[in-house]
Amino acid sequence: MNNGTGVPGHDQDIAVVGLSLRLPGSRTPDEFWDHLAGGRSLISEVPERRRRREDRPGRPRPEPDGTGSVWGGFVDDADCFDADFFWIPPHEARSMDPQQRLALELSWHALEDAGFRADRMAGSRTGVFIGVHRWDYAELIERETEETGAFPPAGAARAVIADRVSYHFGFHGPAAANDTACAGSLVAVEQAVRALRRGDCDHALAGGVNLSLSPRHFIAFAKAGMVSPDGRYRAFDANANGYVRGEGGGVLLLKRAADARRDGDAVHALIKGAGSNHGARTSSLTVTDPAAQAELIAKVHRRAGVAPETVTYVETHGPGTPDGDPIEIRGLKQAFADLHENRPEEGADRAGAAGGPPGTGTGFPGRAGAGLPGTGAGLPGAVKGPRGAGKVRPEAGKARPEAAQGHRCGVGSVKTSIGHLEGAAGIAGMLKVILSMRHRKLPATVGFEELHPLIELDDSPLYVVDRLTDWTAGASGPAAGPAAPLRAGVSSFGFDGTNAHVLLESGDPVAAAGAEHGEQWLPVSAKDDDRLRETCAGLARWARTRIERDDAPALADIARTLRQGRVPMRERVVFRAGGLAEWAAQLERVAAGEEPPAGCLRGRARAHTPGGPAADNPAARAARAARSPEEDRFGEFAAAWVRDLSVDWAQLPEHGRRVHLPGYAFARTPHRFAPAETPEAGATATPPQAAPDEGRYAWRAPLDAACRDGGGSRRDSAAPAVPSVINGREAHAAPAPAPAPATWAWLRHDGDEEAEWAVVAPGAPDSPAHAPLAALLKAAHHEAAREETAPSNTGKLVLLGACEQDGRAEEPAPGRDGRRPRRTTAEPPPATTGESLLRDGGIYWVTGDADGIGLLLAERLCERHRATVVVGGRAARSPAVDALQVRLPHGEVTYRPTDLTDEDAVRAAVSDIRMQYGRLDGVFHAADVPDDGRLANRPLASTGAGLSPVVDGAARIDAATRGLGLDFLLLFGSVAGAVGNAARDDHATARAGVNACLDAFAARRRASAA
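Residues numbered from 1 in each chain as written. Predicted model: local features only at pLDDT ≥ 70, side-chain atom pairs only at ≥ 80, totals over all residues. Heavy atoms only, no water.

A. Just the overall build of the chain, in detail. Each helix and strand counted, the chain has 29 helices and 28 strands in total. Taken as a whole, the chain presents about 43000 Å² of accessible surface, with 52% of it coming from carbon and sulfur. (Helix = DSSP H or I, 4+ residues; strand = E, 2+ residues; numbered from the N terminus. Areas by Shrake-Rupley, 256 points an atom, 1.4 Å probe, with all protein chains shown as cover.)

B. Structural view of the pairing of strand β25 (residues 868-873). Most of β25 sits out of view: 6 of its 6 residues are buried. A two-sided burial pattern is seen for β25, the buried positions comprising Thr868, Val870 and Gly872 on one face and Val869, Val871 and Gly873 on the other. In this structure, β25 lies alongside strand β26 (residues 892-897), joined through 6 bridges in parallel fashion. By the bridge assignment, valine 871 is partnered in β26 with tyrosine 895. In the classification by handedness, the crossover that spans β25, the intervening helix α25 (residues 879-887) and the parallel β26 is right-handed. (Buried < 20%, exposed > 50% of the residue type's maximum accessible area, 1.4 Å probe, protein only. Pairing = 2+ DSSP bridges. Right-handed = clockwise from strand over helix to strand, strands pointing away.)

C. Layout of the packing of aromatic side chains. For the structure shown, the criterion picks out 18 aromatic pairs. With a centroid separation of 5.3 Å and an interplanar angle of 5 degrees, the aromatic rings of phenylalanine 169 and phenylalanine 171 are classed as stacked. With respect to class, phenylalanine 169 is no different from phenylalanine 171; both count as buried. Taken together through their ring pairs, the aromatic side chains of Phe81, Phe85, Phe86, Trp108, Phe169, Phe171, Tyr664 and Phe666 make up a single cluster. (Phe/Tyr/Trp six-rings, centres within 6.5 Å; stacked < 30°, edge-to-face > 60°.)

D. Representation of the environment of tryptophan 845. With respect to the helices and strands, tryptophan 845 occurs in strand β24 (residues 843-847). Note on tryptophan 845: relative accessible area 0%, which makes it buried. Residues tryptophan 845 and valine 910, 65 residues apart in the sequence, show an inter-C-alpha distance of 8.6 Å. Excluding anything up to four places from it in sequence, tryptophan 845 contacts Val870, Gly872, Thr898, Val906, Ala909, Val910, Ile913, Leu920, Gly922, Val923, Phe924 and Ile957. (Contact = heavy atoms within 4.5 Å.)

E. Quick look at the environment of serine 276. The residue serine 276 is located in strand β9 (residues 269-278) in this model. By relative accessible area, serine 276 is classed as partly exposed at 23%. In this structure the C-alpha to C-alpha distance between serine 276 and phenylalanine 493, which are 217 residues apart in sequence, comes to 9.3 Å. Setting aside residues up to four positions removed in sequence, serine 276 forms contacts with Val187, Glu190, Leu296, Lys299, Asn499 and Ala500.

F. The arrangement of the nonpolar core in detail. Membership of the largest hydrophobic core comes to 72 residues, with the highest contact counts inside it found for Trp108, Leu522, Ile558, Phe575 and Trp583. Counting residues per element, this core draws most heavily on helix α3 (residues 98-113), which supplies 7 residues. Aside from chain neighbours lying at most four places away, what touches tryptophan 108 is Phe85, Phe86, Ala118, Phe169, Val567, Met569, Tyr664 and Phe666. Residues Ala188, Tyr313, Ile427 and Trp471 belong to the second largest nonpolar core, which totals 51 residues. (Core = buried A, V, L, I, M, F, W, Y, C linked by side-chain atoms within 4.5 Å.)

G. Representation of the pattern of salt bridges within the structure. On inspection of all chains with the given rule, the structure shows 56 salt bridges. As a salt-bridge pair, aspartate 648 and arginine 120 come within 2.1 Å of each other at their nearest N and O atoms. Of this pair, aspartate 648 sits in the loop between α19 (630-641) and β20 (706-709) while arginine 120 sits in the loop between α3 and β4 (126-131), and the two are 528 residues apart along the sequence. Taking relative accessible area as the criterion, arginine 120 reaches 45% and is therefore assigned partly exposed. The closest approach of N and O atoms between arginine 839 and aspartate 921, which form a salt bridge, is 3.8 Å. Of the two residues, arginine 839 is situated in the loop between β23 (793-799) and β24 and aspartate 921 in the loop between α26 (903-917) and β27 (922-925); the sequence distance between them amounts to 82 residues. Residue arginine 839 shares its accessibility class with aspartate 921, and that shared class is buried. (Salt bridge = Lys/Arg side-chain N within 4 Å of Asp/Glu carboxyl O.)

H. Highlighting unusual backbone geometry. Backbone geometry at arginine 440 places phi at a positive 55 degrees, although glycine is not the residue there. Relative to the helices and strands, arginine 440 resides in the loop between α14 (425-439) and β12 (441-442). We classify arginine 440 as partly exposed; its relative accessible area is 27%. Phi is positive for aspartate 550, which is not a glycine, with a value near 55 degrees.

I. Quick look at the sheet that holds β26. Taken in spatial order, the 5 strands of this open sheet run β26-β25-β24-β27-β28, and their pairing is parallel. Both outer strands of the open sheet, β26 and β28 (968-971), are each paired with one neighbouring strand and no more. Across the sheet, the axes of successive neighbouring strands diverge by a mean angle of 15 degrees, strand direction being ignored. Both β24 and β25 contribute to a ladder of 5 bridges, which runs parallel. Paired with isoleucine 843 across the strands is threonine 868, a residue of β25. Sitting on the sheet, α25 touches β25 and β26, and the angle it makes with β26 is about 165 degrees. Across the sheet, α26 lies against β24, β25 and β26, angled at about 155 degrees from β24, the strand it touches most. (Axes fitted to C-alpha atoms, helices over the stretch in contact; angles between N-to-C directions.)

J. Broad picture of the environment of glutamate 449. On the secondary structure map, glutamate 449 appears in the loop between β12 and β13 (462-464). For the pair glutamate 449 and phenylalanine 236, spaced 213 residues apart in the sequence, the C-alpha separation amounts to 9.0 Å. In contact with glutamate 449, other than residues within four places in its own chain, are Arg232 and Asp237.

K. Inspection of helix α16 (residues 555-564) at higher detail. Within α16, 9 of the 10 residues are buried, which leaves it mostly tucked inside the rest of the structure. Among the residues of α16, Leu555, Ala556, Asp557, Ile558, Ala559, Arg560, Thr561, Leu562 and Arg563 are the ones counted as buried.

L. Examining the sheet that holds strand β3 (residues 71-73) more closely. Spatial strand order, β2-β3-β7: 3 strands in an open sheet with mixed pairing. Both edges of this open sheet fall to β2 (44-45) and β7 (245-246), since each of them pairs with a single strand only. Across 2 bridges, β3 lies against β7 in parallel orientation. Across the sheet, the residue bridging to glycine 72 is arginine 245, located in β7.

M. Spatial organisation of the pairing of strand β11 (residues 409-412). Residues of β11 alternate between two faces, with Cys409 and Val411 on one and Gly410 and Gly412 on the opposite face, all of them buried. Direction of pairing for strand β10 (residues 313-315) relative to β11: parallel, over a ladder of 3 bridges. For valine 314, the partnering residue across the bridge sits in β11 and is valine 411. As defined by bridge partners, β11 adjoins β13 across 3 bridges and the pair is classed as parallel. Note on β13: the bridge partner recorded for cysteine 409 is leucine 462.

N. Geometry of the side chain of aspartate 265. Residue position: aspartate 265 is located in the loop between α9 (257-263) and β9. On the accessibility criterion, aspartate 265 (5% relative accessible area) is buried. A polar contact is formed between the side chain of aspartate 265 and the side chain of lysine 255, at a distance of 2.6 Å. Those residues within four positions of aspartate 265 in sequence are excluded, and the remaining contacts are Val17, Phe116, Lys255, Asp259, Ala260, Arg657 and Arg658. (Polar contact = N/O pair within 3.5 Å; in protein donor to acceptor, adjacent residues only side chain to side chain.)

O. Examining the confidence of the model for the chain more closely. Of all residues in the chain, 63% attain a pLDDT of 70 or more, and the chain-wide mean is 74. Per-residue pLDDT stays below 50 along residues 1-10; that stretch engages in 24 contacts with residues further than four places along the chain or on separate chains. Within the model, pLDDT remains below 50 along residues 676-758, and this stretch shows 143 contacts once partners closer than five positions in the same chain are excluded. (pLDDT = per-residue confidence, 0-100.)

P. Representation of the packing of helix α24 (residues 853-865) against α25 within the structure. Their axes nearest at 11 Å, the elements α24 and α25 cross at an angle of 15 degrees. Classified by the interaxial angle, the pair formed by α24 and α25 is roughly parallel. Seen from above, α24 lies across α25 with right-handed handedness. On α25, the residues touching Leu855, Ala858 and Glu859 of α24 are Ala880, Val881, Leu884 and Arg887. For the contact of α24 with α25, the class distribution of residues is 5 nonpolar, no polar and 2 charged. (Parallel < 35°, antiparallel > 145°, perpendicular 65-115°, else oblique. Left-handed = near helix turned anticlockwise from the far one by under 90°. Nonpolar A, V, L, I, M, F, W, Y, C, P; charged D, E, K, R; others polar.)

Q. Representation of the packing of helix α15 (residues 529-549) against helix α17 (residues 580-591) within the structure. Put simply, α15 and α17 touch, their axes get as near as 8 Å, and they point 150 degrees apart. Judged by the inter-axis angle, α15 sits roughly antiparallel to α17. As for how α15 packs across α17, the hand of that crossing is left-handed. Across from Arg533, Cys536, Ala537, Leu539, Ala540, Trp542, Ala543, Arg544, Arg546 and Ile547 in α15, the residues of α17 making contact are Leu580, Ala581, Trp583, Ala584, Ala585, Leu587, Glu588, Val590 and Ala591.

Take a look at the structure:
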């Protein structure tokens, strides 16, 4: 039988080929297992930096604004995210729910754990299914910020979490975020299993995320008496007094088991079955129904064709409440009693699972209605009347079937170690079971001392795991041997009535690749030096742990996974080692910042430049290496790989299999919104400092566009009409020359007489057009003032857009001292908060000044931030930039000729930079105007051409980079734009109008982005 997916109907197992986690106290599976095996509780008080001043810790009955329980399982860097890695600008990252950020990082690590290259998954039919329950970040943004930006609607939406992952990786499979409360992540797994079995996708990322960022839910649950006031999670214990909240997340990469076997994937575990249902009406919305739970568990077993005695552990929901624990145990007992009395045949329902209607029990003779939700058929002690009244009643004694006599099944809950992860609770339980299967040990249920008096286990196969014990497989037919697969169930029940259950089986250990092939070349890469060192440190810790536990995979398998299962990045190192211990020592040297040992290669990959000499062309060398004898090819290929981004290890034949390895070490950079400051009670609010005057002047006297001579007579100006001069935004955005010639015509005078100029212009005071006109009037005055023989020139700029309704315009009103307002310079106060816009390892474009300030800026960025800087100019090449690259100890600087007056050339430059380096973080526009002498003597024909690279260049750079999420566009200017040219320098005079235009352009651009 075939269900249309290419997978036989009897083979419907789903393989877990990759996993990742971020849990309290744990970033890696090894760390998590160490805590589980050590029986540690990772529950702590709320971190101090998350508390509000008004919180009152430790009160069993909180005041209206107090927190009754300040205990939980917390991740230590919930606000940190490697935004640069995921090409997300910082301002957008700050508006993103940290649960979205966590889902991105976990998804990347799950792919790496499976040995899959994320970039080669783009376009694949990969589904994403994420369980999520809380929306704390959106609540905090709405409550604690005053401004509304463009990103929060998508950034804070729970519905976007799965879509964000699909969007980033370029997946074409289904994407869904579901909120079924505490059952969310297991329901997400069930959705993924169904999608894979139906053929809707070929891979699926499934899991859940949960972060507790707001105090309000702590307060609400404390008031409801649901949480433990002392922070101790005691599932199944006589002293259980409530649950403890936890946070974190986990993601699994799933694949049809038949496909995984075909492709040689390493498999953590198999999902034999998954299902969900609802408890219908009970005595309360939040009271679960043991009969519904029992029916679900029995149905999952029957569909999977799994005999109950082969299941030797159940990871329970374990609510830790006086009522919830007995209800869950009762449902579990009922499920096993039914399954033992009406045994499924091993594997009998596999075809039914693929093609038969849910709940028909296909393959079980005489049980056509078995497991149908709501029937309660065959469930001893099922509650009658209103389903799930939630009351635990003593069960009538009944002899256990013969097949059940030797069945033993432990129960426990990971919540006692890390807290209740709510929307991610189920996936945390699955991760615990998968790691327990790997080590074939069952961890203790932390805090369990005395069985709850309402729980009776003597007449069932169940027992509470109270210490670290060996885990042995259950018998099925003939006694199972030590290598028999382990099987376990995982339950997760939402307080909304949703129940979910997953049935797991241990995966086969990865077979070694066979005989080792001598020394291995093991490549590692990262975005920058720091990330490379951290990634090497993580691999070194993993290698030491494998050596200590004597469970290391073959080095050839590790090499194959690193070469074909990692996205290559700029900073690269290739290790050459003959054993795991030798490789671990090499990794530790690089992690410590030391040079790699002899025989290893370190470099920074650059884009291949076509047409280079064949002898120095890494890509050509790599091609030769691929054709050379095997003993020679890897060394030459590795030397090419550390230098050239285009060299791909897939060009070489591979030995070995994919294995599970630690992933990329993401940067831990805080990204949090800035809350509005609230003064403490009794404090006097300090009024904000007055904003500096922006020169938004109006004028009192109605003036015409005219020139008035010293004798007071008026004559008409021969200058062009003002509207053609003033439409600055359109003129600068168009290919036409800048409007400077027309502007100069207004300022030019005939003869040597003194003149007072009045320039009338349409537009509001904040228009980018008026600022350069005003600055040019100031510059003309300063220019004439420093020459004794020159006529005295004074001028005014009149803005018609600032006129009153009667048509009169107003000039600035004098202040109390009788003086009109004017701009002056002032030293800004030192910054006390905020983060730098400059990134370590950033990608920057410096335009317009390859030999002056642009060169100095490039050198500083490389030395201090290890940046990559592309310097632009009109010349075909820049010897100064070439010389700088040679002497730089860090970073990279290259030269790219670009004509800033050509819109297509600017767009091409931006596209090339992003194509070569993957992104563009910021632009420094440092183009300058030519020194053409005095304003009055400057030829009109050359004025526009001289100003265009600066003024029009800014507009064209902005147009080409809008929508790219730049951290900044920095325009270099001068105070001459605000105060005119007071210096005795013709070049400074020329910059006056230009800088004023840039100032106004930047102000308008900031306003449009707010």
